[in-house]
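Below, each chain spelled out in residue letters.
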Amino acid sequence: QVQLVESGGGLVQPGGSLRLSCAASGSIFSANAMGWYRQAPGKQRELVAAITGGGTTNYADSVKGRFTISRDNAKNTVYLQMNSLKPEDTAVYYCNARVITIATMRDLEVWGQGTLVTVSS
């Protein structure tokens, strides 16, 4: 069984910063692509940023230049550094990962439980 545990959400003022973390645990052979999605009230879930096992990154246009995704492969952990936060960044942020499990040696997509980020004065 594989789990993603997120941390780092909270309330921040506009212009502030937050860092989200997501650690994958369980019987993991390798973690491939990892990323962050978000879902604001009344809106569909959208990709925020993603990173491959080799470190190639991809960002939504709305966060380019403000957010940075990174990972620690030894810890199967992905981070999202969020700077210059805006009220429109308010959402539940979900971690996503594609892992190869030891039990099956097959690709598995896993989601975290979500962490709330609120940007408000």
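The following paragraphs examine the structure supplied in this document.

Rules used in this analysis
Residues numbered from 1 in each chain as written. Predicted model: local features only at pLDDT ≥ 70, side-chain atom pairs only at ≥ 80, totals over all residues. Heavy atoms only, no water. Disulfide = S-S within 2.5 Å. Helix = DSSP H or I, 4+ residues; strand = E, 2+ residues; numbered from the N terminus. Patch = residues over 30% accessible without salt bridge, like charges linked within 9 Å, V, L, I, M, F, W, Y side chains within 5 Å. Areas by Shrake-Rupley, 256 points an atom, 1.4 Å probe, with all protein chains shown as cover. Salt bridge = Lys/Arg side-chain N within 4 Å of Asp/Glu carboxyl O. Pairing = 2+ DSSP bridges. Axes fitted to C-alpha atoms, helices over the stretch in contact; angles between N-to-C directions. Buried < 20%, exposed > 50% of the residue type's maximum accessible area, 1.4 Å probe, protein only. Contact = heavy atoms within 4.5 Å. Polar contact = N/O pair within 3.5 Å; in protein donor to acceptor, adjacent residues only side chain to side chain.

## Looking at the state of the cysteines
Then comes step 1: A complete count under the given rule lists one disulfide for this structure.
Then comes step 2: Each sulfur in the disulfide pair Cys22 and Cys95 lies 2.1 Å from the other. Residues Cys22 and Cys95 are joined by a disulfide whose S-S torsion is about -85 degrees; by sign, that bridge is left-handed. In this pair, Cys22 is assigned in strand E3 (residues 18–26) and Cys95 in strand E9 (residues 91–101), connecting sequence segments 73 residues apart.

## What to know about a nonpolar patch on the surface
Then comes step 1: Taken together, Phe29, Ile102 and Met105 make up a surface patch of nonpolar side chains, about 330 Å² in accessible area.
Then comes step 2: With respect to the helices, strands and loops of the structure, Met105 is situated in the loop between E9 and strand E10 (107–111).

## Observations regarding the sheet that holds strand E8 (residues 77–82)
Then comes step 1: If you walk across this open sheet you meet the four strands as E1-E3-E8-E7, and the pairing is antiparallel. For this open sheet the edge positions go to strand E1 (2–7) and strand E7 (67–72), each flanked by a neighbour on one side alone. Direction aside, the axes of adjacent strands within the sheet are offset by 15 degrees on average.
Then comes step 2: Of the strand pairs in this sheet, E7 and E8 are connected by six bridges, and their pairing is antiparallel. Within the sheet, the bridge partner assigned to Ser70 lies in E8 and is Tyr79.

## So, the environment of Ser121
Then comes step 1: Among the secondary structure elements, Ser121 is positioned in the segment after strand E11 (115–119).
Then comes step 2: On the basis of relative accessibility, which here comes to 83%, the residue Ser121 falls in the exposed class.
Then comes step 3: Here the alpha-carbon distance between Ser121 and Pro87, two residues 34 residues apart in the chain, equals 8.7 Å.

## What to know about unusual backbone geometry
Then comes step 1: Unlike most non-glycine residues, Asn76 shows phi in positive territory, near 50 degrees.
Then comes step 2: Turning to its location among the elements, Asn76 is positioned in the loop between E7 and E8.
Then comes step 3: In this structure, Met105 takes a positive phi of about 55 degrees despite not being glycine.
Then comes step 4: Using a relative accessible area of 45% as the deciding quantity, one classes Met105 as partly exposed.

## Quick word on the environment of Arg38
Then comes step 1: As for its position among the elements, Arg38 is in strand E4 (residues 28–39).
Then comes step 2: The buried category is assigned to Arg38, whose relative accessible area is 6%.
Then comes step 3: It is 15 Å that separates the C-alpha atoms of Arg38 and Asn58, two residues lying 20 residues apart in sequence.
Then comes step 4: Excluding its chain neighbours within four sequence positions, the residues that come into contact with Arg38 are Gln44, Arg45, Glu46, Val48, Ser62, Val63, Phe67, Glu88, Asp89, Ala91, Val92 and Tyr93.
Then comes step 5: Looking at Arg38, its side chain comes within polar contact range of the side chain of Ser62, at 3.4 Å.
Then comes step 6: Among the polar contacts listed, one links the side chain of Arg38 to the side chain of Asp89, at a separation of 3.0 Å.

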